[in-house]
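Listed here are the chains, written in short residue letters.
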Amino acid sequence: MKTNENKKNSLKHVLFGSLIGTTIEFFDFYIYANAAVLVFPQLFFPSSDSTMATLESLATFSIAFLSRPLGSAFFGHYGDKIGRKFTLVAALLTMGISTVTIGFLPSYASIGVAAPLLLMLCRFGQGVGLGGEWGGAVLLAIENAPPNKRAWYGMFPQLGAPIGLLLSGGTFLLLTDSMSNEDFMNYGWRIPFIASAFLVIVGFYIRTKITETPSFENAKKEEEEVKVPFLELVKSYKNQLIFGTFAAITTFLVFYLMTVFTLSWATSDLGIVKRDGLLIQLFSVLFFALFIPVSAVVADKIGRRKMLIVATAAIAVFGFFFSYFLSSGNIVLVTIFACIGMSLMGFTYGPLGTFLSELFPTSVRYSGASLTFNMAGILGAAFAPMIAIWLAKTYDVSYVGFYLVTAALISLVSFLVISKDEHKF
């Protein structure tokens, strides 16, 4: 009876339920990124040296990358043991509560060193929640999908990235344009953190209405459950874990080069006004959103692996043009550069969740997909902006492109050698 109930899952609930979580994920992630530059250095890390205060603030930004694999392992274990639905709700609440709490934290001036410690704890909680959110959201979509439309269903949680980016960037742009700097620093920066509670409530409501996925119920019925999914992954699916991680690093790297690095370089070294830089980024995100569904349609026709190989090869070629676009100082060329890069990001990001999920059987799929994705995040994103800035400052901006080309070649090899075993859903 449970399996039949699962087949009656509303398409609207399934797709919106997967989309809402990843939208919250990226909204939360980027309001923190903006605040880590604009607000936290002054309020949580006061120092006579403003550069050191900013570096200390940005260090807390990386905490979420390091804690995401812990969330993947923890929530992945229970997602494979007791089900996708309950685990997704728990991951959403972990992430949401951590984010909303940041909006109420007292500053260093009020409680001293406890303020940055509490901020780091909340950021750690965000990372743990995010680590469990992505994999579960993708599985919620594709384990309810027809076999010939897995990439199409799987792209809905991926759409949360550009939507979250647009919401976060737009929110901070609106706040900084409509408030005085004093009001923004006093209370305005707290608004997006606290307002994210609304998204969490909507996501919680939608997810409680969804029944367990048919794939998980069928695996449970056939007694395919494993005692410790992580140990089973390491024992039987090392190939998929290792090469799946390396296959995904280019997706993360191109994303953070096109967002954090490009915005930083354009505004600090090319002389583009910060507001214009933010507008360029928000405009380019529209291309990111557009090409996610396009890539999913193509991936369902020619296969997820082929689609990702083509996209990764295109990214490698794109890497050779970094210097041409970013050394010009021409705002039109920088805008074109950002739009091309984000279009390629859409092509590689759209089918990625489906591809990683298809590497693993149902009994370890939550753990496997989540770990490969979030480990790739550490390798491809955690230190990417710092490495890119160092390369550009020490050598030349063209070396940032070579950095991307190298990562793309690693991913291409990984796509070619990774196990091609098919796992039933």
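This text follows the structure it describes.
Numbering of residues starts from 1 in every chain and runs along the sequence as written. Per-residue local features of the predicted model are confined to residues with pLDDT of at least 70, and side-chain atom pairs are confined, for both listing and counting, to 80 or more; whole-chain, interface and lining totals are unaffected and use all residues. By convention in this description, side-chain values take in all heavy atoms of the structure and omit both hydrogens and water.

(A) Broad picture of the side chain of T87. With respect to the element layout, T87 can be found in helix 5 (residues 84-102). Type-normalised accessible area, obtained with a 1.4 Å probe on protein chains alone, sets the label of each residue: buried when under 20%, exposed when over 50%, and partly exposed for intermediate values. Judged by its relative accessible area of 2%, T87 is buried. Dropping the residues within four chain positions of it, T87 is found in contact with F75, Y78, G79, I82 and Y366. A run of DSSP states H or I qualifies as a helix once it reaches four residues; a run of E qualifies as a strand once it reaches two. Both are numbered from the N-terminal end. Contacts are assigned to residue pairs that have any heavy atoms within 4.5 Å of one another.

(B) Here's a closer look at the packing of helix 7 (residues 114-142) against helix 20 (residues 365-382). Where helices are involved, their axes are fitted lines through C-alpha atoms of the stretch in contact, as for all axes, and angles between N-to-C directions lie from 0 to 180°. Taken N-terminus to C-terminus, the directions of helix 7 and helix 20 make an angle of 125 degrees; their axes are 9 Å apart at the nearest point. By the criterion of interaxial angle, the relationship of helix 7 to helix 20 is oblique. The handedness of the crossing between helix 7 and helix 20 comes out as right-handed. Residues G131, G132, W134, G135, G136 and L139 of helix 7 form the contact with helix 20, whose participating residues are R365, Y366, A369, S370, F373 and N374. Throughout, the term roughly parallel applies to angles under 35 degrees, roughly antiparallel to angles over 145, roughly perpendicular to angles from 65 to 115, and oblique to all others. Should the near helix be turned counterclockwise from the far one by less than a right angle, the crossing is left-handed, whereas a clockwise turn marks it as right-handed.

(C) Inspection of the packing of helix 13 (residues 229-236) against helix 20 at higher detail. At a minimum axis separation of 9 Å, helix 13 and helix 20 run at an interaxial angle of 70 degrees. Between helix 13 and helix 20, the interaxial angle falls into the category roughly perpendicular. You can see that helix 13 and helix 20 cross each other, and the crossing is right-handed. Taking contact as the criterion, the partners of P229, F230 and L233 in helix 13 are, on helix 20, S367, G368 and L371. Only Asp, Glu, Lys and Arg are considered charged in this grouping, and only Ala, Val, Leu, Ile, Met, Phe, Trp, Tyr, Cys and Pro are considered nonpolar; every other residue, Gly among them, is considered polar. Within the contact of helix 13 with helix 20, the residues separate by chemical class into 4 nonpolar, 2 polar and no charged.

(D) Expanded view of the environment of T348. Here T348 shows up in helix 18 (residues 331-349). Here T348 falls in the buried class, since its relative accessible area comes to 2%. Between the alpha carbons of T348 and A314 there is a distance of 9.8 Å; along the sequence they are 34 residues apart. A distance of 3.0 Å separates the side chain of T348 from the side chain of T251, its partner in a polar contact. For the purposes of these results, a polar contact is taken to be a pair of N or O atoms within 3.5 Å, where, inside protein, one atom must be able to donate a hydrogen and its partner to accept one; residues adjacent in sequence count only when each atom of the pair is a side-chain atom.

(E) Representation of helix 20. Helix span, expected: 1.5 Å multiplied by one less than the number of residues in the helix. Relative to the 26 Å expected for 18 residues at 1.5 Å per residue, helix 20 spans 24 Å between its end C-alpha atoms, a close match to the ideal helical length. Most of helix 20 sits out of view: 16 of its 18 residues are buried.

(F) Examining the side chain of S98 more closely. Among the structural elements, S98 can be located in helix 5. Note on S98: relative accessible area 12%, which makes it buried. Here T94 takes part through its backbone oxygen, which lies 2.8 Å from a polar atom of the side chain of S98.

(G) Local environment of the pattern of salt bridges. Salt bridges are defined by distance alone: a side-chain nitrogen of Lys or Arg within 4 Å of a carboxyl oxygen of Asp or Glu. All chains considered together, the criterion is met by 6 salt bridges. Salt-bridge contacts for R275 lead to D177; the nearest nitrogen and oxygen are separated by 2.9 Å. Taken together, the positions of R275 in helix 15 (residues 274-302) and D177 in helix 9 (residues 160-178) put the pair 98 residues apart, joining distant regions of the chain. Judged by its relative accessible area of 41%, R275 falls in the partly exposed class.

(H) Highlighting the environment of A316. By the element assignment, A316 lies in helix 16 (residues 304-319). Residue classification places A316 among the buried positions, given a relative accessible area of 9%. Each C-alpha atom of the pair A316 and L412 lies 9.5 Å from the other, and the pair is 96 residues apart in sequence. Sequence-distant contacts of A316, defined by excluding residues within four places in its chain, comprise V405 and A408.

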